[in-house]
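Structural features, examined
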Amino acid sequence: MGTCYETRADRTRFIIDEDFKIKQELIKELQRNSKIRQAQIGDNPNDKVMDICPKKNLPITYRAFGNREKIINENKRTLREEYEILGPLGEGGYGEVYLVRHIKMKLKRAMKVIPVNSKNDEEKTDEEIELLKNLDHPNIVKLFEYFCDSEKYYLITEYCKGGDLFELIKTKKVFSEASAAYIMYQIFRALIYCHNTHQLIHRDIKPENIVVFRQNNAGEDLYDVKLIDFGISKIFNKSEKTNDNKVKGSLNYIAPEVINHSYNEKCDIWSCGVILYILVIGKYPFNGKDKDDILNRIEHGNYSFPKEFTEVATSQIKSLIHQCLTVKPSERISAKEALNHPFFDLYEIKEYFIHVTESFLNKTINNIKKYEIKNTLQELTFTYIVHNYPDQEEINLINRVFSKFNTKNDGKMNEEELKNGLLKYLYKGKKSKDVAEKEAKAIFHKLDKNGNGYIECEEFLRAGIDKKLLKNREVLEFTFNFLDKDRNGEISVEELKEVFGVVNEKDEKDLVDLLKSIDTDLNGQISFDEYYNMMLKIIDGLI
């Protein structure tokens, strides 16, 4: 956990490692200061279950958020009814993280526990939840649900069993250029999405906030990663700089302008430059005899490459590091520019994230063309399943199709990108531009369900996935339990109203009519068998 220190006459405040004074080399720090437990904890089904909730049965306080993501909301049951707590994964300045297992589905998740000691704490956590609900990118960890009691918030997120990049650096010491390129490409992709799509500065980019969710089959040193911990992130205005008397971030990764209280999204790029340097060299670029010395080196961009590195390193990697660690933000590379840097072309990194077979591409587009919403319950079911099972291989492949079409790499596909993708990868001159434009318009209108003018990743996934994969009875039961709020085995109109956020009589009437169309035994509620049979008929094309 970090500690707050004061610096020099300006008394700048920031979060740094407690014992950093005695640690000049990265590996020494990693060995002495690591609080992250082994990521494989809990692989045994007989793992010991922990209990970190207050012993008394505290009431759950309902907090209503926007309905943009109806499937991510507060679970008003108690945490102990839904999850087993297997053990700690890590600890930071903004909360502890535990490995948990869903009692019924046996799915492993990560749980961030955030103490709520004041109204301000509650508001900040509400803001983080609302932010996470709106982030939809394959390189950003997903929020599934959350719990609240009078003392804490419990955020249930995606579990990445490879641990964090901090631990991986500790094990590997130094990475090859190709391996570092593969990791950094994903981080820059996530930052393009944050900076360009959501005007969001992460403000704490560091190895501890990058998790490994799998090792890519294409190579033993290729690691698929995701960005986590948006606890101190901030929305920014592109025409203005952020002014903040309290400097946010971790000492060795903060940019010079952050120390001086005036910064923009480019501060995240500086942190990326530090990480890339660490990956290929094995130590921090800015070391010093004490914290003031380190700050001085950061402010002046005073770093160098070891001789043994310069003798073997490519000019491309040295160029990218220099462009990330440029002191003036106006001259520093952006996330989008970084992603297009020749360093990534050198190792053909982009191909890893867009490569699919022609047959899979055709299959995905055909699934999208045939995709049809029969009722809102079906749509919510597909939404819930796709969101809650992000580690499925087919979902990974459809993400690649999405990336293939989304040439701006901003995580939102516009109609022009869709049309160009159809022409380039599917039709290949077999159909005219006019036909492609017509089909793109039809697909776009079908998929842009929230009407924001572009197709988001999960909207594309829901339409592109093979619907027969969604016929799994256990998976549908998981979704049914989400809808069955009181767990009495049936879904009522009141429960549907709660899920869909009904606010007027017309919407309520639509839900009543929907229930009647599924309620075959006419008891006024939907049983699991009625729900299951409806879904099977829709998937099999019988409705």
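The shown structure was predicted, so the numbers you read here are calculated from the model rather than taken from an experiment. (Residues numbered from 1 in each chain as written. Predicted model: local features only at pLDDT ≥ 70, side-chain atom pairs only at ≥ 80, totals over all residues. Heavy atoms only, no water.)

1. So, the overall build of the protein
The helix and strand inventory of the protein stands at 23 helices and 18 strands. Residue burial in the protein is summarised as follows: out of 543 residues, 57% are buried. Here the analysis covers contacts within the protein between residues at least 6 apart in sequence; of these, 69% occur between residues at least 24 apart. With an accessible surface of roughly 23900 Å², the protein has 48% of that area assigned to carbon and sulfur atoms. (Helix = DSSP H or I, 4+ residues; strand = E, 2+ residues; numbered from the N terminus. Buried < 20%, exposed > 50% of the residue type's maximum accessible area, 1.4 Å probe, protein only. Contact = heavy atoms within 4.5 Å. Areas by Shrake-Rupley, 256 points an atom, 1.4 Å probe, with all protein chains shown as cover.)

2. Looking at the pairing of strand 5 (residues 108-115)
In terms of residue burial, strand 5 counts as a mostly covered element, since 6 of its 8 residues are buried. In this structure, strand 4 (residues 95-102) lies alongside strand 5, joined through 6 bridges in antiparallel fashion. What sits directly across from L99, in strand 5, is A110. The antiparallel pairing of strand 4 with strand 5 creates a hairpin that spans 5 residues between the two strands, and K106 there sits at a positive phi of about 65°. One ladder, built from 7 bridges, connects strand 5 with strand 7 (residues 152-158); its direction is antiparallel. Across the sheet, R109 pairs through a bridge with E158, a residue of strand 7. (Pairing = 2+ DSSP bridges.)

3. Brief notes about the confidence of the model for the protein
Predicted confidence across the protein gives a mean pLDDT of 85, with 85% of residues reaching 70 or more. Here residues 1-43 is modelled with pLDDT under 50, and outside its nearest four sequence neighbours on either side it reaches 113 contacts, counting other chains as well. Below a pLDDT of 50 lies the segment residues 55-68, which in the model reaches 37 contacts outside its immediate sequence neighbourhood of four places, other chains included. (pLDDT = per-residue confidence, 0-100.)

4. Thoughts on helix 7 (residues 266-281)
Between its first and last C-alpha, helix 7 extends 23 Å over 16 residues, near the 22 Å set by a 1.5 Å rise per residue. Judged by how many residues are buried, helix 7 sits mostly within the fold: 16 of 16 residues are covered. Following helix 7 by one or two positions, G282 adopts a phi angle in the positive range, close to 95°. (Expected span 1.5 Å × (residues − 1).)

5. Quick notes on the packing of helix 5 (residues 177-197) against helix 7
Close contact between helix 5 and helix 7 brings their axes to 10 Å; oriented N to C, the two are set at 170°. Considered as vectors, helix 5 and helix 7 are oriented roughly antiparallel to each other. Taken as a pair, helix 5 and helix 7 cross one another with a handedness that is right-handed. For the pair formed by helix 5 and helix 7, the contact residues are E177, A180, I183, M184, I187, F188, L191 and H195 on the first element and D268, I269, C272, I275, L276, L279 and V280 on the second. Partitioning the contact of helix 5 with helix 7 into residue classes produces 12 nonpolar, 1 polar and 2 charged. (Axes fitted to C-alpha atoms, helices over the stretch in contact; angles between N-to-C directions. Parallel < 35°, antiparallel > 145°, perpendicular 65-115°, else oblique. Left-handed = near helix turned anticlockwise from the far one by under 90°. Nonpolar A, V, L, I, M, F, W, Y, C, P; charged D, E, K, R; others polar.)

6. Some remarks on the packing of aromatic side chains
By the definition in use, this model includes 25 aromatic pairs. Centre to centre, the rings of Y182 and F353 are 5.0 Å apart; their planes meet at 25°, and the pair counts as stacked. With a gap of 171 residues between them, Y182 in helix 5 and F353 in helix 13 (residues 349-354) connect regions that are remote in the sequence. Here Y182 matches F353 in class, with each residue buried. Measuring from centroid to centroid gives 5.3 Å for F305 and F309, while their planes differ by 45°, and the two rings are tilted. For F305, a relative accessible area of 16% translates into the label buried. One aromatic cluster in this structure is built from Y182, Y185, F188, F343, F344, Y347, Y352 and F353. The ring of F213 carries K226 above its face, with NZ or CZ at 4.6 Å from the centroid. Directly above the aromatic system of Y425 lies the positively charged group of K404, at a separation of 4.6 Å from the ring centroid. (Phe/Tyr/Trp six-rings, centres within 6.5 Å; stacked < 30°, edge-to-face > 60°. Lys NZ or Arg CZ within 6 Å of the ring centre and 35° of its normal.)

7. What about the packing of helix 15 (residues 376-388) against helix 21 (residues 493-500)?
For the pair helix 15 and helix 21, the least separation of the axes is 12 Å and the interaxial angle reads 55°. One finds that helix 15 runs oblique with respect to helix 21. As helix 15 packs across helix 21, the resulting crossing turns out to be left-handed. Between helix 15 and helix 21, the residues in contact are T376, L377 and L380 and L496, V499 and F500, respectively.

8. Structural notes on the pairing of strand 7
With respect to burial, strand 7 is a largely interior element, 6 of its 7 residues being buried. By the bridge criterion, 5 bridges tie strand 6 (residues 143-148) to strand 7 in an arrangement that is antiparallel. Looking across to strand 7, one finds that C148 is bridged to Y153. Once strand 6 ends, the chain turns through 3 residues before running back antiparallel as strand 7.

9. Side note on the pattern of salt bridges
Per the counting criterion, the structure on display carries 34 salt bridges. The residue R297 makes a salt bridge to D293 at a minimum N-O spacing of 3.5 Å. Pair noted here: R297 and D293 are both in helix 8 (residues 291-299), with a separation of 4 residues, about one helical turn. By relative accessible area, R297 is classed as partly exposed at 28%. Ionic pairing is found between K419 and E416, a salt bridge with its closest N-O pair at 3.3 Å. Highlighted residues: K419 and E416, both in helix 17 (residues 415-427), separated by 3 residues, approximately one helical turn. Taking relative accessible area as the criterion, K419 reaches 5% and is therefore assigned buried. Bridged by salt links that share partners, the residues R77, E81, E82 and R487 form one connected network. (Salt bridge = Lys/Arg side-chain N within 4 Å of Asp/Glu carboxyl O.)

10. Some points on the side chain of N399
Take N399: it is sitting in helix 16 (residues 393-405). Given a relative accessible area of 12%, N399 falls into the buried group. Setting aside anything within four residues of it in sequence, one finds N399 in contact with P138, C457 and L461.

11. Description of the environment of D519
Relative to the assigned elements, D519 resides in the loop between helix 22 (505-518) and strand 18 (526-527). Exposure remark for D519: the relative accessible area of 5% places this residue in the buried category. Through-space distance from the C-alpha of D519 to that of Y531 is 8.4 Å; in sequence the pair is 12 residues apart. The residues touching D519, leaving out its near neighbours within four places in the chain, are G524, Q525 and E530. In terms of polar contacts, D519 uses its side chain to reach the backbone amide nitrogen of L522, at 3.1 Å. (Polar contact = N/O pair within 3.5 Å; in protein donor to acceptor, adjacent residues only side chain to side chain.)

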